[in-house]
Amino acid sequence: VGVTFMTNQAAAHEQTIQTEVDNIVDGHSDLTLIDTEVEINDHPLRSSIDQVTVTVGREGGTDLPPLADQIKDRINETVGENVAVDVRFIEHQQR
């Protein structure tokens, strides 16, 4: 029962993180969310989120927003864990 609870809790946190990342990136009209990876430490006694890696596309020549800080603050506030956040930007051009 305990392992199932931890697994369900980690899955719920992962879904919450996905939603929060979507909302933050949607707030930046010049960014496109490409991928969000959530690394979970599946320890039998305590499952936790280790790291979140977010990949976004942006049009070349635009300034980089402080996205990692925004995402980290929101995740830590929502999930209640100190999670490492890595944001990767991929430049693209549209014509």
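Residues numbered from 1 in each chain as written. Predicted model: local features only at pLDDT ≥ 70, side-chain atom pairs only at ≥ 80, totals over all residues. Heavy atoms only, no water.

**A look at the overall build of the protein**
Helix and strand content of the protein: two helices and three strands. Residues classed as buried in the protein amount to 33% of the 95 residues present. When contacts within the protein are restricted to residue pairs at least 6 apart in sequence, those whose partners lie at least 24 apart make up 59%. (Helix = DSSP H or I, 4+ residues; strand = E, 2+ residues; numbered from the N terminus. Buried < 20%, exposed > 50% of the residue type's maximum accessible area, 1.4 Å probe, protein only. Contact = heavy atoms within 4.5 Å.)

**Topic: the side chain of Arg 58**
Within the secondary structure layout, Arg 58 lies in strand S2 (residues 47-59). Owing to a relative accessible area of 8%, Arg 58 belongs among the buried residues under this scheme. If we ignore the near neighbours within four places in the chain, the residues touching Arg 58 are Asp 30, Leu 31, Asp 63, Leu 64, Phe 89, Ile 90, Glu 91 and His 92.

**Some details on the environment of Glu 91**
In this structure, Glu 91 sits in strand S3 (residues 84-92). Spatially, the C-alpha atoms of Glu 91 and Glu 59 are 5.5 Å apart, while their sequence positions differ by 32 residues. If near-sequence neighbours (up to four positions away) are discounted, Glu 91 is found in contact with Arg 58, Gly 60 and Gly 61. At 2.9 Å, the side chain of Glu 91 forms a polar contact with the side chain of Arg 58. (Polar contact = N/O pair within 3.5 Å; in protein donor to acceptor, adjacent residues only side chain to side chain.)

**Notes on the confidence of the model for the protein**
Averaged over all residues, the pLDDT of the protein equals 85, while 83% of them reach at least 70. Put simply, helix H1 (residues 2-26) is where the protein has its lowest mean pLDDT, 80, and helix H2 (residues 67-79) is where it has its highest, 93. (pLDDT = per-residue confidence, 0-100.)

**Topic: the pattern of salt bridges**
In this structure the tally under the stated criterion is three salt bridges. A salt bridge links Arg 74 to Glu 20; its shortest N-O distance comes to 2.8 Å. Of this pair, Arg 74 sits in helix H2 while Glu 20 sits in helix H1, and the two are 54 residues apart along the sequence. Across the salt bridge formed by Asp 86 and Arg 88, the nearest N and O atoms sit 3.0 Å from each other. With a relative accessible area of 45%, Arg 88 lands in the partly exposed category. (Salt bridge = Lys/Arg side-chain N within 4 Å of Asp/Glu carboxyl O.)

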